[in-house]
Amino acid sequence: MKSLLAFFNRRSSAPVARERLQILLAHERTLTGKTDLVAILKEEILAVIAKHIAVESDKVQVKLDRQDSISTLEIDIQMPSQGPRPAAAR
Amino acid sequence: MARVVVVTSGKGGVGKTTTTAAIGAALAQGGQKVVVVDFDVGLRNLDLIMGAERRVVFDLVNVVQGDAKLAQALVRDKRIETLSLLPASQTRDKDALSAEGVSRVIEELKEKFDWVICDSPAGIEKGAQLAMLHADTAVVVTNPEVSSVRDSDRIIGLLDSKTIRATKGEKVEKHLLITRYDLGRATRGEMLKTEDVIEILSIPLLGIIPESEEVLRASNLGSPVTLSNPDSAPARAYFDAVRRLKGETVAMSVPGEKKGLFGRLFGRRVA
């Protein structure tokens, strides 16, 4: 039964291709001629944070998810703990 | 008035050169005066597909740079009197072409021929942009496959911004040509359907060229497929596409192979 299901699922990959293309191209068309807004935001946000705290690059995680109508930008920064232990952070 | 057509795709290997040769030959077989121009400087192949590789003396770069006259560089087809080839250079790099030089050559070709068919190199860089620069009409060659469709979308964007027509506020007439189509696989949901590709790219359909062994056979022989086997499925699809290019209304279908009894018995086995 399971293999029968897998057999039928395997067959129609075209609708997946179609949906992936529609999402991708909707995004790519908005940025032809323009620079990528999400990418600019990422860089500027990181620059602002770097101005105030010394952030190590491996402590920053950037996740980007582009969907049909919305994109999400997730920036996760591990900030060194502030307070009376500046030497300990090193 | 001569019409300049660019055959383009962004992605490589989808059938631009095959299409240029087939469309050029089909138009010339109908009595039109046609020149096919290879813009793939450094990687020319149209000469090979046309079976004219041994008769190339001068090339597009020589003419653009003024080292040869256009008439010296044009290679007349041996089978169809009204068909000529302007080959690309094999040794130079793509920077050997200038926009001014290309404009001069295209103007001169437009005086001599009814159709100037430009075979674009792959990519979206200078070579591809020079090939489309003077186009009145574009044939966007696309395989029913995600990377090809994505690249075609980019090329459509360039046609709307980087051509002379676009900068003058005019439109380049864009046509979608789907190649390597497998009706069976599309019906079974294994391949993007024609309607999917049309909907995604939103340009009108010029034709559907079925996947066929005749295309490789034609290239082996150095003959456009419309000449090597005019009755084959891809050839008939190209003839239909050419009629649409000339403005005729032709019902859209995917031509199938005409198989004899032997073919019907054993044809499927090989694939």
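See above for the structure.
The following paragraphs examine the structure supplied in this document.

The rules behind each value
- Residues numbered from 1 in each chain as written.
- Chains lettered and ligands numbered in written order.
- Predicted model: local features only at pLDDT ≥ 70, side-chain atom pairs only at ≥ 80, totals over all residues.
- Heavy atoms only, no water.
- Helix = DSSP H or I, 4+ residues; strand = E, 2+ residues; numbered from the N terminus.
- Buried < 20%, exposed > 50% of the residue type's maximum accessible area, 1.4 Å probe, protein only.
- Contact = heavy atoms within 4.5 Å.
- Areas by Shrake-Rupley, 256 points an atom, 1.4 Å probe, with all protein chains shown as cover.
- Pairing = 2+ DSSP bridges.
- Axes fitted to C-alpha atoms, helices over the stretch in contact; angles between N-to-C directions.
- Expected span 1.5 Å × (residues − 1).
- Buried area = accessible area lost by both parts, 1.4 Å probe.
- Salt bridge = Lys/Arg side-chain N within 4 Å of Asp/Glu carboxyl O.
- Nonpolar A, V, L, I, M, F, W, Y, C, P; charged D, E, K, R; others polar.

## What about the overall build of chain A?
Thought 1: A tally of regular secondary structure across chain A gives three helices and two strands.
Thought 2: Ordered by position in the sequence, the α and β elements of chain A form the string α-α-α-β-β.
Thought 3: Counting across all 90 residues of chain A, residues that qualify as buried make up 13%.
Thought 4: For chain A, restricting intrachain contacts to residue pairs at least 6 apart in sequence, the fraction spanning at least 24 positions comes to 41%.
Thought 5: When the accessible surface of chain A is split by element, carbon and sulfur atoms take 56% of a total near 7,600 Å².

## Side note on the sheet that holds strand β2 (residues 34-38) of chain B
Residue and element names in this part refer to chain B.
Thought 1: Reading across the sheet, the eight strands line up as β3-β4-β2-β5-β1-β6-β7-β8 and stay open at both edges, with mixed pairing between neighbours. Every other strand in the sheet has two partners, leaving β3 (75-76) and β8 (205-210) as the edge strands with one partner each.
Thought 2: Pairing analysis gives two bridges linking β3 to strand β4 (residues 83-86), with the strands arranged antiparallel. In the strand pairing of β4, Val75 is matched with Leu85.
Thought 3: Across the face of the sheet, helix α7 (residues 146-159) comes into contact with β1 (3-8), β6 (137-142) and β7 (173-181) while running at roughly 165° to β6.
Thought 4: Its contacts with the sheet place helix α10 (residues 194-201) against β6, β7 and β8, and it is angled at close to 150° to β7.

## So, helix α1 (residues 16-29) of chain B
All names here are of chain B.
Thought 1: Spanning 14 residues, α1 covers 19 Å between terminal C-alpha atoms, matching the ideal 20 Å at 1.5 Å per step.
Thought 2: Of all 14 residues in α1, 11 are buried; the element is thus mostly enclosed.
Thought 3: What α1 keeps buried is the set Lys16, Thr19, Thr20, Ala21, Ala22, Ile23, Gly24, Ala25, Ala26, Leu27 and Ala28.
Thought 4: Remark: Gly31 follows α1 within two positions and exhibits a positive phi of approximately 95°.

## Considerations on the pairing of β6(B)
All names here are of chain B.
Thought 1: With six of six residues buried, β6 is to be regarded as a mostly interior element.
Thought 2: What you see with β6 is no split at all: Thr137, Val139 and Val141 on one side and Ala138, Val140 and Thr142 on the other are buried throughout.
Thought 3: Pairing analysis gives four bridges linking β1 to β6, with the strands arranged parallel. Each bridged residue has a counterpart across the sheet, and for Thr8 the counterpart in β6 is Val140.

## Here's the deal with the interface of chain B and chain A
Thought 1: Opposite the 13 residues of chain B that make contact, chain A presents 13 residues.
Thought 2: With both chains or domains summed, chain B and chain A bury close to 1,300 Å², and 56% of this area falls on carbon and sulfur atoms.
Thought 3: Of all residues in chain B, the largest losses of buried area upon contact with chain A belong to Val146(B), Arg150(B) and Ile200(B), amounting jointly to 38% of the total for that side.
Thought 4: Linking chain B with chain A are four salt bridges.
Thought 5: For the salt bridge of Arg150(B) with Glu28(A), the shortest nitrogen-to-oxygen distance reads 2.6 Å.
Thought 6: Counting only elements with at least two residues in the side of chain B that touches chain A, the list comes to α7 and α10 of chain B.
Thought 7: In terms of residue class, the side of chain B that touches chain A is built from six nonpolar, one polar and six charged.

## Focus on the environment of Gly123(B)
Residues and elements named next belong to chain B.
Thought 1: Tracing the backbone shows Gly123 in the loop between β5 (115-119) and α6 (126-132).
Thought 2: A sequence separation of 114 residues divides Gly123 from Ser9, and the C-alpha atoms of the two residues are 8.0 Å apart.
Thought 3: Setting aside residues up to four positions removed in sequence, Gly123 forms contacts with Gly10, Ala128 and Ile155.

## Regarding the environment of Ala28(B)
Residues and elements named next belong to chain B.
Thought 1: Following the sequence through the fold, Ala28 ends up in helix α1.
Thought 2: Along the primary structure Ala28 and Leu83 are separated by 55 residues, whereas in three dimensions their C-alpha atoms are 5.7 Å apart.
Thought 3: Residue contacts for Ala28: discarding those within four places in its chain leaves Val34, Ile80, Thr82 and Leu83.

## A few points about the side chain of Ser120(B)
Thought 1: Looking at where Ser120(B) falls in the secondary structure, it is placed in the loop between β5 and α6.
Thought 2: Contacts of Ser120(B), omitting those with residues within four sequence positions, involve Val6(B), Val7(B), Thr8(B), Lys16(B), Ala128(B) and Ala131(B).

## As for the pattern of salt bridges
It is possible for side chains bearing opposite charge to pair when their charged atoms get close.
Thought 1: All chains considered together, the criterion is met by 16 salt bridges over all chains.
Thought 2: Between Asp196(B) and Arg18(A) there is a salt bridge, and its shortest N-O distance comes to 2.7 Å. A residue pair is termed interchain when its members come from two chains, as with Asp196(B) in helix α10 and Arg18(A) in helix α2 (residues 14-30).
Thought 3: For Arg18(A), a relative accessible area of 24% puts it in the partly exposed group.
Thought 4: Connected via shared salt-bridge partners are Arg18(A), Asp196(B) and Glu199(B).

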